[in-house]
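The chain contents come next:
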Amino acid sequence: MTMDRDGRVLRLPTGEQITVLTSGADNGGTAFEVEALLPPGLSGPPRHRHRYETEVFTVLDGVLRVRLGREMRTLHAGESVTVPPGIVHAFANPSTEPTRIHTRETPAGPLEEQFRALAAGGRLPPIGRLARITVDSGYSFSLAGIPDRIQRPLWRLLSTLDTGRR
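Conventions used here
- Residues numbered from 1 in each chain as written.
- Predicted model: local features only at pLDDT ≥ 70, side-chain atom pairs only at ≥ 80, totals over all residues.
- Heavy atoms only, no water.
- Helix = DSSP H or I, 4+ residues; strand = E, 2+ residues; numbered from the N terminus.
- Buried < 20%, exposed > 50% of the residue type's maximum accessible area, 1.4 Å probe, protein only.
- Contact = heavy atoms within 4.5 Å.
- Areas by Shrake-Rupley, 256 points an atom, 1.4 Å probe, with all protein chains shown as cover.
- UniProt positions renumbered as here; feature names shortened; annotations may be inferred.
- Axes fitted to C-alpha atoms, helices over the stretch in contact; angles between N-to-C directions.
- Parallel < 35°, antiparallel > 145°, perpendicular 65-115°, else oblique.
- Left-handed = near helix turned anticlockwise from the far one by under 90°.
- Nonpolar A, V, L, I, M, F, W, Y, C, P; charged D, E, K, R; others polar.
- Lys, Arg positive; Asp, Glu negative; His and termini not counted.
- Salt bridge = Lys/Arg side-chain N within 4 Å of Asp/Glu carboxyl O.
- Polar contact = N/O pair within 3.5 Å; in protein donor to acceptor, adjacent residues only side chain to side chain.

(A) Layout of the overall build of the protein chain. On a plain count of helices and strands, the protein chain comes out with three helices and 12 strands. Structurally, the protein chain occupies a C-alpha span of about 40 × 40 × 30 Å along its principal axes. Looking at the protein chain as a whole, 43% of its 166 residues qualify as buried. Sequence-distant contacts, at least 24 apart, represent 63% of the contacts inside the protein chain between residues at least 6 apart. Accessible area of the protein chain: about 8,600 Å², with a carbon and sulfur share of 56%.

Here is the structure:
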């Protein structure tokens, strides 16, 4: 819901605190890295996939439950999982304690812009802005279980609601 002065610490309406370690703008888009503090019981994002980007999740403290395709894994401090492009995934903090993770996205895709939109959006997700980011990224992000032939026109339609268009 908020951002610190230099834009490096983002607070999302879900209670997540995301510290940007490396912005894609810092390195020509080769990587985006964050450290995230996930509150207890966080259900996390819906099942989704990234068309072009690989994500690596490393647990620094606590427990992270990761769905990777059809497999469910529970990771503890020091453990990592790599999510290749196109693989459906989701994550959650199933514990009663905060979980701290490091995430690296290569190449840097729309994730940073999505986080910034969510942090600035208030209590309700800025659907129009998120749709615009999805369309502008070449549909890099897609929800699992909904065919692209349905999602893409819907993302385009919702993107017309973006009041912050550039």
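Back to the text.
(B) Quick look at the UniProt feature "domain: Cupin type-2" (unreviewed entry) in the protein chain. The positions UniProt marks with the feature "domain: Cupin type-2" (unreviewed entry) are residues 37-101. The span residues 37-101 carries 0% helix and 55% strand; its end-to-end C-alpha distance comes to 7 Å.

(C) Seen up close, the packing of helix α1 (residues 111-121) against helix α2 (residues 127-136). In the contact formed by α1 and α2, the axes pass within 10 Å of each other and the chain directions differ by 170 degrees. It follows that α1 is roughly antiparallel to α2 by the angle criterion. Across the interface between the two elements, Glu113, Gln114, Ala117 and Leu118 from α1 touch Arg129, Leu130, Ile133 and Thr134 from α2.

(D) Just the packing of α2 against helix α3 (residues 148-159), in detail. Closest axis-to-axis distance for the α2/α3 pair is 7 Å, and the angle between their directions is 125 degrees. Accordingly, the angle class assigned to the pair α2 and α3 is oblique. Pair α2 / α3 crosses with left-handed handedness. In this structure, α2 uses Ile127, Gly128, Ala131, Arg132, Thr134 and Val135 to contact α3, whose residues at the interface are Trp155, Arg156, Leu158 and Ser159. When grouped by side-chain class, the residues that make up the contact of α2 with α3 number five nonpolar, three polar and two charged.

(E) Structural detail: the side chain of Glu53. Within the secondary structure, Glu53 is located in the loop between β5 (48-50) and β6 (54-61). In this structure Glu53 is buried but unpaired, with Arg51 as the nearest side chain of opposite charge at 8.4 Å. Within the structure, Glu53 has its side chain in polar contact with the side chain of Ser140 (distance 2.6 Å). Beyond its immediate chain neighbours, meaning those up to four positions away, Glu53 contacts Val83, Pro84, Pro85, Glu105, Thr106, Pro107, Gly109, Pro110 and Ser140.

(F) Structural detail: the pattern of salt bridges. Across all of its chains, the model carries 10 salt bridges by this definition. Residue Arg116 pairs with Glu112 through a salt bridge whose shortest N-O separation is 3.1 Å. Remark: Glu112 and Arg116 occur in helix α1; sequence separation between them is four residues, near one turn of the helix. Assessed through its relative accessible area of 24%, Arg116 is described here as partly exposed. Taking the relative accessible area as the measure of exposure, Glu112 reaches 13% and is therefore buried. Notably, a salt bridge pairs Arg129 with Glu113, separated by 2.7 Å at the nearest N-O pair.

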